[in-house]
Amino acid sequence: MRGPGGRGLRRSLRRLRAARYWYSIGELDEAARASRHALTLAQAGNGQPVLFADIALTLARVEIERDDYAAGHAHVLDAVQVLESITGTSERDRRLAWALVALGGNYRRMGRYLQAVETLDRGVRVAETVAIAQPRVLSAALTERAITAKELGDYDRAADIYMWVRQIQQSTGAGPADAATLEHNLSGLAYSRGCYPVAELHARRAVDQRHRATPATSIEFAADLAVLAASVAAQFRHDEARVLFEQALVVYRAARPPRRYEIAVQLHGLAGVEHSAGRPDQAEQWYREALAIKEELLGGGHPDVALIIGNLGALLHQQHREPEAAQ
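Per chain, residues are indexed from 1 in the order of the written sequence. Note on the predicted model: pLDDT of at least 70 is required for a residue's local features to be given, and 80 or more for side-chain atom pairs to be given and counted; whole-chain, interface and lining totals, by contrast, use all residues. By convention in this description, side-chain values take in all heavy atoms of the structure and omit both hydrogens and water.

Asks: Explain the overall build of the protein to me, and be specific about the residues and the numbers.
Replies: Across its full length, the protein carries 16 helices and zero strands. For a compact globule of 327 residues, the expected C-alpha radius of gyration is about 20 Å, and the protein comes in at 21 Å, within 12% of that figure. Reported as C-alpha extents along the three principal axes, the dimensions of the protein are approximately 70 × 40 × 35 Å. Residues are treated as being in contact if the distance between any of their heavy atoms lies within 4.5 Å. Restricting to contacts in the protein with at least 6 residues of sequence separation, those with at least 24 account for 61%. A run of H or I in DSSP becomes a helix once it reaches four residues, and a run of E becomes a strand once it reaches two; helices and strands are each numbered from the N terminus. Computation of the radius of gyration draws on C-alpha atoms, with the globule rule given as 2.2 Å multiplied by the number of residues to the power 0.38.

Asks: Tell me about the nonpolar core, and name the residues and values.
Replies: We define the nonpolar core as a collection of buried residues of types Ala, Val, Leu, Ile, Met, Phe, Trp, Tyr and Cys that are connected through side-chain atoms lying within 4.5 Å of one another. Each residue gets one of three labels from its accessible area relative to the maximum for its type: buried under 20%, exposed over 50%, partly exposed in between, using a 1.4 Å probe on protein chains only. Counting 47 residues, the largest nonpolar core has Ile55, Leu138, Leu142 and Tyr162 as its most contacted members. Ranked by size, the runner-up nonpolar core spans 40 residues in total, among them Tyr69, Phe245, Ile263 and Leu291.

Asks: Pulling in residues and values, what's your account of the side chain of His302?
Replies: Of note, His302 is situated in the loop between helix H14 (280-298) and helix H15 (303-318). Judged by its relative accessible area of 5%, His302 falls in the buried class. Here a polar contact is recorded for every N or O atom pair within 3.5 Å, except that within protein the pair must consist of a potential hydrogen donor and a potential acceptor, and residues adjacent in sequence are included only if both atoms are side-chain atoms. Here the side chain of His302 touches Asp304 through a polar contact of 3.0 Å, landing on its backbone nitrogen. The residues contacting His302, other than those within four sequence positions of it, are Arg108, Arg109, Met110 and Gly111.

Asks: Would you mind going over a positive patch on the surface in detail, with residue names and values included?
Replies: Within this analysis, patches are made of residues with over 30% relative accessible area and no salt bridge. Like charges are joined at 9 Å or less; nonpolar side chains (Val, Leu, Ile, Met, Phe, Trp, Tyr) at 5 Å or less. Under the convention used here, a 1.4 Å probe and the Shrake-Rupley method define accessible areas, while residue burial counts only the protein chains that appear. For salt bridges, the criterion is a side-chain nitrogen of Lys or Arg within 4 Å of an Asp or Glu carboxyl oxygen. Asp and Glu are treated as the negative residues and Lys and Arg as the positive ones, with His and the ends of the chain left uncounted. Just so you know, the charge point we use is NZ for Lys, CZ for Arg, CG for Asp and CD for Glu. Together, Arg7, Arg10, Arg11, Arg14 and Arg17 line one region of the surface with positive charge. Tracing the backbone through its elements, the reader meets Arg11 in helix H1 (residues 7-24). Take Arg11: its relative accessible area is 32%, and that puts it in the partly exposed class.

Asks: Quick one: what's the story with the environment of Leu316, residue by residue and with numbers?
Replies: Positionally, Leu316 belongs in helix H15. In this structure the C-alpha to C-alpha distance between Leu316 and Pro280, which are 36 residues apart in sequence, comes to 8.6 Å. Once residues within four sequence positions are removed from consideration, Leu316 is found in contact with Glu284, Arg288, Arg321, Glu324 and Ala325.

Asks: How would you explain the packing of aromatic side chains if you had to name every residue and give the values?
Replies: Centre distance within 6.5 Å is the pairing criterion for rings of Phe, Tyr and Trp, where only the six-membered ring of Trp is used; planes under 30 degrees apart are then read as stacked, over 60 as edge-to-face, and the remainder as tilted. Using the criterion set out here, one finds two aromatic pairs in the structure. Plain terms: the ring middles of Tyr191 and Tyr196 are 5.3 Å apart, the flat faces sit at 55° to each other, and that makes the pair tilted. With a relative accessible area of 36%, Tyr191 lands in the partly exposed category. Judged by relative accessible area, Tyr196 falls into the partly exposed class, the value being 27%.

Asks: Could you give an account of the pattern of salt bridges, naming the residues involved and the relevant values?
Replies: A complete count under the given rule lists 31 salt bridges for this structure. The residue Arg66 makes a salt bridge to Glu63 at a minimum N-O spacing of 2.9 Å. Glu63 sits in the buried class, given a relative accessible area of 4%. Between Glu240 and Arg204 there is a salt bridge whose closest N-O contact spans 2.8 Å. Of this pair, Glu240 sits in helix H12 (residues 238-254) while Arg204 sits in helix H10 (residues 196-212); the two residues are 36 residues apart in sequence, bridging distant segments of the chain.

Asks: With reference to specific residues and values, describe the environment of Ile309.
Replies: For Ile309, the location among the structural elements is in helix H15. Along the primary structure Ile309 and Gln327 are separated by 18 residues, whereas in three dimensions their C-alpha atoms are 9.8 Å apart.

Asks: Explain the environment of Ala32 to me, using residue names and the numbers behind them.
Replies: Secondary-structure assignment places Ala32 in helix H2 (residues 28-44). We classify Ala32 as buried; its relative accessible area is 0%. Residues contacting Ala32, with those up to four places away along its chain left out, are Leu59, Val62 and Arg66.

Asks: So, the packing of H2 against helix H3 (residues 49-65): which residues are in play, and what are the values?
Replies: All axes here are fitted lines through C-alpha atoms, helices being fitted over the stretch that makes contact, and every angle between N-to-C directions spans 0 to 180 degrees. The interhelical angle for the contact between H2 and H3, taken along N-to-C directions, is 150°, at an axis separation of 9 Å. The angle between H2 and H3 places the two elements in the roughly antiparallel class. Seen along the crossing, H2 lies across H3 with a hand that is left-handed. Judged by residue contacts, Leu28, Ala31, Ala32, Ser35, Arg36, Ala38, Leu39, Ala42 and Gln43 of H2 engage Phe52, Ile55, Ala56, Thr58, Leu59, Val62, Glu63 and Glu65 from H3. Any angle from 65 to 115 degrees is called roughly perpendicular, while one under 35 is roughly parallel, one over 145 is roughly antiparallel, and all others are oblique. Handedness of a crossing is defined here by the sense of rotation of the near helix relative to the far one, left-handed for an anticlockwise turn of less than a right angle and right-handed for a clockwise turn.

Okay, here's the thing in structure tokens:
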């Protein structure tokens, strides 16, 4: 892989720093432009594989959050392949662990769970080699592995991994942002287990911790509001849940670019609230809007799509629209 030297190297590094800044404040369009420019500069020179991998990984994260999973996947694969070609050092392993976390997480988002598990298990192993100096990379690898376990229904394993993450946080003095992320994920696990009051407790802790985190983006707050909304909705507190989902939806729609996957998640949540509250017309509209977005982003065979289809089918059945429900 060829990278820039001299002036080109400096320009590429400046664009990479700019991309990371825009990414940190949630301006993904600007982050994408800066990352692509940095990558072009890196490809124009020679001899900088580490820089190329750093840029490719940054661009992969940006594209994944912009809901372009295919583009993100291609860039993160480039990063992994370049890093694997470099002689192993602690710095190489740190970068490789982060790249494997991103790759495994994207496999999970695409519903390719076997590849997600294999990649993340490898990411954990690599992260363990640098964990003393870089505990956050191990925590990130474990967190993504736990989310995957939860989505596969292996709740006990997910709980054990989150306990490991908490131990790392306690031993390293992790800040409120990391604590908020752990509480957010524990809320999701409790929700999946049907323990809705526990899910609400963790979600409220996440919101509280996120308020203490500096800096924290509106997108991060919206994610915590969404998990709180889900736990409240499951306890049939429809009005409260509706407000929370709508607050999160406003943030995701106002983002640049709008976070379409998350918009679909909030619409699905709102549809569930209206379905439960006995407002079938509004529920159907939001189910169909959520379904259209997720089918476009994920394809028709993804588990997320199947979940919405099942809920829409149940709504149609309750309205005695049997041919549509059967379809």
